[in-house]
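What the coordinates show
Next come the chains, spelled out residue by residue.
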Amino acid sequence: MDGFPVLELKGISKSFHGVMANSGVDFKLKKGEIHALLGENGAGKSTLMNMICGLLQPDRGEIFIQGNRRKIQNPKIAIQLGVGMIHQHFMIVPGFTSLENIILGSEPVTRMAIDFRKARKQIAALSDQYGFSIDPDAVTEDLPVGIQQRVEIFKALYRKVGILILDEPTAVLTPQETEDLFRVMRRLARKSVSIIFITHKLREVMQIADSITVMQRGAIKGVLSPGETDEQSLARMMIGREINMISNDRSAGAGRTVFEASGLSVNSSRGFEAVSDVSFCVREGEIVGIAGIQGNGQMELSEAIAGLREIASGNIILSGKVMPALHPRKMMENGLAHIPEDRLKYGLVLPFSIAENQILCTYYRNPFARFMWRNRKAMLNNSRELMDRFDIRAGGPEESVKTLSGGNQQKVIISREFSRNSIFLLANQPTRGLDVGSIEYVHRQMLTLRDKGAGILLISSELDEILSLADSILVIYRGRLISMAGKEGADRASLGLMMTRGLEREK
Amino acid sequence: MMAVSRLRPGARGEMLCVFLWISVTACIVCSYWISPVVTVAVLSSALRQSTPLVLGAMCGLLSERSGVMNIGIEGQMLMAAFWGFLMHVWTGSLMMGVISGLAAGAFAGFLFAWMSVSMKMDQIIAGTIINILAVGLTGFFYPTGMSSAGKLKIYSVPLLSEIPLAGPVLFRMSPIVFLTICIVFLLHYCLFYSRWGLRTRATGEHPKAAATMGISVVKLRYGNIMIGGCIAGLAGAFLSLESVGVFERGMTNGRGFIALAVMIFGKWTPIGAWGAALLFGLSMSVQTQLQFDRVLSLPHQFTGMLPYLITIIVLAIFIRRNRPPASLGVSCERE
Amino acid sequence: MILLLRSFLVPAGSVLLAFLTGGILLFLSGSHPVEAYIALFQGAFGDLSSISRTLEKATPLIMNGLAIAFALKAGLFNIGAQGQFLFGAFAAAVAGFYVQAIPSVFHIPLAIFAGMTAGGIYGLVQGALKAFSGAHEVITGIMCNYIAINMTDYLVNHPFRDRSPGNIVARTPQILDTSRFPDVAGIPLGFIAAIIAAILVWWIVRYAVFGFEIRVVGSGINAARYSGVRIRSVLMGTMLISGALAGLGGAVETQGVVHRFQPGFNTGLGFEGITIALLGRVHPLGIIPAAILIGAMKAGAGMMQFSAGVENEIIDVIQALILFFVTADVILQKMLPGIKWAEGERLSLSTGWGGNS
């Protein structure tokens, strides 16, 4: 039994448009183990896993399942072979109930219709077997992320999964939810489900993995067990060099208030109150961090501040002036800089050139426009200067941003926003999906901006980011700001607790 | 207890519909009390006028529920009307005519599916190509001076057609109108209770999720669009073989687009779309009757404009309130 | 230069393929394709008068192609250009016969202005519908076309009917000589106006601040919102200009060719405009050759019917095929894998029914 690989990959290679995503990857998964696959963003982890679950085909190499060589041409075959994958972006139909989501694709049927009664029984049986449950009739889009993830796990179990792949499952979870997930994972492993756990978080790897495979630039760097290594050496293996964690060790100078929200309430697109009666202020030379699990009103809050969403009640005050709602340009003209959450959707016009993206917010002003006409020369000069100053690596100002890497795209946004002499920066998830080097860069730029005297509001679901950068920390939970902790009073555990349960505990 | 998800017809806003229908029914009963002959005539005409719209809406619904925006319904109808009529004249058989109409619609659907699903062309452009192609092909191959050998016959269900009011309206009608009602209910049941329906709705909302669960998005979309093509073909056959009796150039007159508004008004559900189309048909036939009785006297151009105006108004008001399938218009990439 | 050549490859290839496929269709229907195409070519470019007919046919096509291409830059599919064209033609006719006793120098621009205003306002209505309700412009546009057809039909039947004795047709009176277009050095003035319009549109898109805003809205509507572009104004402004271009096309047709308004002419223009806009790669200057090609097909169709006995409608079929091959450039690239293709702008129009704008 022991040592027999349920899954073995031999010499897997895959490239996209000439870019190598995986080259000659060998990988072994033992029965009932939790195997961590560790690597940076873009190291090729997801590509590798997509080949195992039939979404992609390898260019070269072989896949063995239970010792037999298999070709996994489509997800259906993968499911039949007992491979289940839980993607980073959940593959859940938002308007469906949990039950409908679970049975989708393997529905039990009577002659004409779906046999919901039978499905219900099967799910109840699974609950008993694995010792955790879900509400089959809840509409999934209303469920918290942690529960949605559970629905995903049920989907896999319903298909009698033998090899479960979890792609960055903790990225959207709070520490407490992560603990819950780990408990579930251990239970599954005991019931001899083999688990591949993709992550870039070292702490979690050390905590849960039975063995660790480290990937870098599409290739395997090493296979270890947690006993024989530590976080530092894993980090070195993963990144290929030493990293110096940036942290904010300077205490904030209490400057003038640059931004203030008073009694702010904002409705979500679906009509309910997403942000309720929120008040806070940001001072010159200060970074205020808002921590919270995704979907607790951060998006609505930041959109309202940026002038992209209607305000139900309350005021936004920027450098002493009350700002009108739904007027992004006025906000920018009064000193707002904004790094939006979704840089591809909001921050950039993808088919446009770097130069054009860099004047996206100032195109109508001198020197980029005179009367009704644009000044292309000014635009190109501006772009050359910014590319130099912000170290944007690209062919030239006229290159389309579509072809840039994620890090360089973020640099384009930063070059645009930071060059406007703004006094207040709204940064929503500024490092999501970036590699370590780019994260470092973004953090350094933010600190520089802060040191120049700007106030910064940092909204992030990465607790580490908040803890290392923020001068003072707020937690958002169900649309309310529930704590105003100084940096000293905050630690992971208490913040995590507040992120999941609000103030319940303290009451 | 059945699980009811948000993508099924729910109770929200249905009160208004119920109220609307109760008042319409009350009006019908009143008018039947005053003048039975006219009422029956108006209602039958409403049912007939709504038929191509219902069928068109079903065609649109099938492809939109699986995530493909279909504005080529007009073209599919036109090709079917043409080909159905042609085959009818050549073979002399109405049955052959209808069947060829269905085949033509399905073929047009296949072409649309190939462009929008396989070639990943923009769906609006793919639909536009179908529409232009239909105008061109039917015009090019149209043999002038062809006359038909008759229309589809009215069929009366014995006994049932003797019921006052409901009898002559519902049980004395042509086969395609009757078939349409069957299709509506069958489709409604299948869409919300069958395995195919669940998969279709999942594909329309989140094609990637469906794909990871082993559902072939491409096959499903092809299937749905082609079945939809058949249904649009039936609408075409209705126009050339039943309603008018001959093929005329551009005879669909925008019905394929009105059908889309009907589908949206009906919140992408078959029964909802049916109700919307009936309201539409009713307003048309009442207006015709009023015109006929000289209660109203508008130039015919204004009455001709009416359906288009209503369509615009319906679209403008209801497009935001009714929630379309989430992945509409986005061609599914498997990375 | 090589880049320019490359960007011609896809359109040229698709035209070729479309004609090939059309030829097969002709062959199947029992005609001689080569003969038909030769007749088509002779009818379009055979002599001076046929060339001038080609230019005449191309003129409204350029305007419509421009109208659609311009709207496409903002991500709008102005299929309603046909209705805007009709109103433009009608308004120019009314200005042409109603306003009397003013010299040509004022009368011609006045009629043009009337046409552009009528088309522009009708376009603006559709733009406002899109901006405020989010209803998809393709459906509302087609509905507006039907309304325009009915409306102009009513207008020429009742208030503006030509009441001269002996006239039994529903049409307006002839426009006055003072509002008719003269030829400039043998080239119809309308064609020259169309070329100028194309250059102007190109200039606006490339160098005007408004042009930049249009492109931002068209290429990334969320980024447009983020950067503070007033999307509603841009959508409406775009449709106003697009409608005015279509209306100008109508005015040119009235003043240069038909000299009155008669319902039922040029009904397919909306669709032709789409083919032309996409064949011209949505580039204002690319529209001109594309429109001349389609114009030539229309001009030569009569000759083709006369000497080869081929139905006019084959032109529509070939057009649909061109449109197909142009948009499905993937096919071309698969058939000829060795060639480096210029990257065209990927169009995305079907972004759902557009509940939020």
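Residues numbered from 1 in each chain as written. Chains lettered and ligands numbered in written order. Predicted model: local features only at pLDDT ≥ 70, side-chain atom pairs only at ≥ 80, totals over all residues. Heavy atoms only, no water.

**What about the overall build of chain A?**
As a reminder, the rule being used: A helix here means a DSSP run of H or I that spans at least four residues, while a strand means a run of E at least two residues long, and both kinds are numbered starting from the N terminus. This radius of gyration counts C-alpha atoms alone. The globule rule is 2.2 Å times how many residues there are, raised to the power 0.38. Here's how the labels work: a residue is buried when its accessible area is under 20% of the maximum for its type, exposed when over 50%, partly exposed in between, all with a 1.4 Å probe on protein chains only. Contact between two residues is taken to exist if any of their heavy atoms lie within 4.5 Å; hydrogens are not considered. Charged-residue counts in this description rest on Lys and Arg as positive and Asp and Glu as negative, His and the chain ends being excluded. Each charge is placed at NZ for Lys, CZ for Arg, CG for Asp and CD for Glu.
Tallying secondary structure elements over chain A gives 17 helices and 22 strands in all. The C-alpha atoms of chain A give 25 Å as radius of gyration, which agrees with the globular expectation for 507 residues (23 Å, within 12%). Oriented by its inertia axes, the alpha-carbon framework of chain A measures out at about 70 × 55 × 50 Å. In chain A, which comprises 507 residues, the share counted as buried stands at 58%. Sequence separation of at least 24 residues holds for 68% of the intrachain contacts in chain A that already meet a minimum separation of 6. For chain A, the distance from the average position of its 64 positive side-chain charges to the average position of its 57 negative side-chain charges is 4 Å.

**Considerations on the overall build of chain B**
What counts is decided by this rule: Only the protein chains shown count as covering a residue, and every accessible area follows the Shrake-Rupley method with a 1.4 Å probe.
Across its full length, chain B carries 13 helices and two strands. Among the 335 residues that make up chain B, the fraction classed as buried is 57%. Of the contacts made within chain B by residues no fewer than 6 positions apart, 77% connect residues no fewer than 24 positions apart. Accessible surface, chain B: about 13600 Å² in total, of which carbon and sulfur atoms supply 72%.

**Observations regarding the sheet that holds strand 1 (residues 5-16) of chain A**
The strands that make up a sheet pair up through hydrogen bonds in the backbone, lying either parallel or antiparallel. All names here are of chain A. In plain terms, the rule: At least two bridges found by DSSP between two strands are what make those strands a pair. Simply put, an axis is a line fit to the C-alpha atoms, just over the touching stretch for a helix, and the angle between two N-to-C directions goes from 0 to 180 degrees.
With respect to topology, four strands assemble into an open sheet ordered 2-1-4-5, the strand pairing being antiparallel. The two strands at the open ends of the sheet, each matched to only one other strand, are strand 2 (19-30) and strand 5 (68-70). Between one strand axis and the next, the sheet turns through 25 degrees on average, direction left out of account. With respect to the sheet, helix 1 (residues 45-52) is in contact with strand 1, strand 2 and strand 4 (60-65), its orientation differing from that of strand 1 by roughly 120 degrees.

**Describing the interface of chain C and chain A**
This is how it is decided: Accessible area, probed at 1.4 Å, shrinks when two parts are joined; the buried area is that loss added up over both. Salt-bridge detection follows one rule: a side-chain nitrogen of Lys or Arg within 4 Å of a carboxyl oxygen of Asp or Glu.
Chain C puts 19 residues into the contact, and the matching count from chain A is 28 residues. Summed over both partners, the interface of chain C with chain A comes to about 2200 Å²; 63% of that surface belongs to carbon and sulfur atoms. A per-residue breakdown of the area chain C buries against chain A is headed by Val209, Phe212 and Tyr226 of chain C, which together make up 37% of the total. Where chain C touches chain A, the interface holds one salt bridge. Between Arg215 of chain C and Glu356 of chain A there is a salt bridge, with the nearest N and O atoms lying 2.9 Å from each other.

**Some words on the packing of helix 4 (residues 94-118) of chain B against helix 5 (residues 123-141) of chain B**
Residue and element names in this part refer to chain B. Using the following cut-off: Working rule for handedness: look at the near helix, and if it is turned counterclockwise from the far one by less than a right angle, call the crossing left-handed; if clockwise, right-handed. We call Asp, Glu, Lys and Arg charged. Ala, Val, Leu, Ile, Met, Phe, Trp, Tyr, Cys and Pro are nonpolar, and the rest, Gly among them, are polar.
Axis separation between helix 4 and helix 5 bottoms out at 9 Å; the angle between their running directions is 150 degrees. Where helix 4 crosses over helix 5, the two elements pack in a sense that is right-handed. Mapping the contact onto sequence places Ala108, Leu111, Phe112, Met115 and Ser116 in helix 4 and Gln123, Ala126, Gly127, Ile129, Ile130 and Leu133 in helix 5. Here the residues of the contact of helix 4 with helix 5 are counted per class, giving eight nonpolar, three polar and no charged.

**A short note on the packing of helix 7 (residues 175-193) of chain B against helix 8 (residues 195-205) of chain B**
All names here are of chain B. Basically, it comes down to this: An angle below 35 degrees is treated as roughly parallel, one above 145 as roughly antiparallel, one from 65 to 115 as roughly perpendicular, and anything else as oblique.
It is at 5 Å that the axes of helix 7 and helix 8 come closest, and there the two elements cross at 70 degrees. With respect to each other, helix 7 and helix 8 are oriented roughly perpendicular. Residues Leu187, Cys190, Leu191, Phe192 and Tyr193 of helix 7 touch helix 8, and the partners they reach there are Arg195, Trp196, Gly197, Leu198, Thr200 and Arg201. Classifying every residue of the contact of helix 7 with helix 8 gives seven nonpolar, two polar and two charged.

**A short note on the domain arrangement of chain A**
Residues and elements named next belong to chain A. Quick reminder of the rule: Residue ranges assigned to each domain were obtained from an automatic or database domain assignment.
Each assigned domain of chain A is listed here: domain 1 (5-239), domain 2 (249-335 + 422-507) and domain 3 (345-420). Just the C-alpha atoms count here: the centres of domain 2 and domain 3 sit 26 Å apart. Listed by partner, the interface residues are 14 residues for domain 2 and 14 residues for domain 3. Across the domain 2/domain 3 interface, buried area totals approximately 1300 Å², and carbon plus sulfur atoms make up 59% of it. Three residues, Arg329, Met332 and Tyr441, lead the burial of domain 2 against domain 3; their summed loss comes to 38% of the area buried on that side. For the pair domain 2 and domain 3, the interface holds zero salt bridges.

**Re the sheet that holds strand 3 (residues 34-38) of chain A**
All names here are of chain A. The strand order across the open sheet formed by six strands is 6-7-8-3-9-10, and the pairing between neighbours is mixed. Whereas interior strands pair on both sides, the edge strands pair on one side only; in this sheet they are strand 6 (83-86) and strand 10 (219-224). Geometrically, the sheet is characterised by an average inter-axis angle of 20 degrees between neighbouring strands, direction not taken into account. By the bridge criterion, five bridges tie strand 9 (residues 211-216) to strand 10 in an arrangement that is antiparallel. Its bridge partner being in strand 10, Gln216 is matched across the sheet by Ala219. Strands strand 3, strand 7 (163-167) and strand 8 (194-199) of the sheet are contacted by helix 6 (residues 175-190), whose axis makes an angle of about 150 degrees with strand 8.

**Structural notes on the nonpolar core**
The cut-off we apply is this: For our purposes a nonpolar core is just a set of buried Ala, Val, Leu, Ile, Met, Phe, Trp, Tyr and Cys residues, chained together by side-chain atoms within 4.5 Å.
Counting residues in each nonpolar core, the largest one holds 206 residues, and the members touching the most others are Met143 and Ile314 of chain C. With twelve residues, the single largest contributor to this core is helix 2 (residues 36-65) of chain B. Setting aside residues no more than four positions away along its own chain, Met143 of chain C makes contact with Gly254, Phe257, Ile258, Tyr308, Thr311 and Ile312 of chain B. Core analysis: the next-biggest nonpolar cluster, separate from the first, contains 62 residues, Tyr158, Phe182, Met185 and Ala189 of chain A among them.

**Focus: the interface of chain C and chain B**
Contacts between the two partners involve 52 residues from chain C and, on the opposite side, 50 residues from chain B. With both sides pooled, the region where chain C packs onto chain B buries about 4200 Å², and carbon together with sulfur makes up 78% of that total. Summed over the shared surface of chain C and chain B, the result is zero salt bridges. If you list the elements that add at least two residues to the side of chain C that touches chain B, you get helix 1 (2-28), helix 5 (104-133), helix 6 (137-157), helix 11 (269-279), helix 13 (314-327) and helix 14 (329-335) of chain C. The dominant element in the side of chain C that touches chain B, judged by the number of residues it contributes, is helix 6 of chain C, at 13 residues. In terms of residue class, the side of chain C that touches chain B is made up of 31 nonpolar, 17 polar and four charged.

**A look at the pairing of strand 14 (residues 313-318) of chain A**
All names here are of chain A. Where strand 11 (residues 257-267) meets strand 14, five bridges bridge the pair, whose relative direction is antiparallel. Following the sheet pairing, Ser265 is matched in strand 14 by Ser313. In this structure, the hairpin formed by strand 14 and strand 15 (residues 321-322) is closed by a connection of two residues, where Ser319 is found at a positive phi of approximately 40 degrees.

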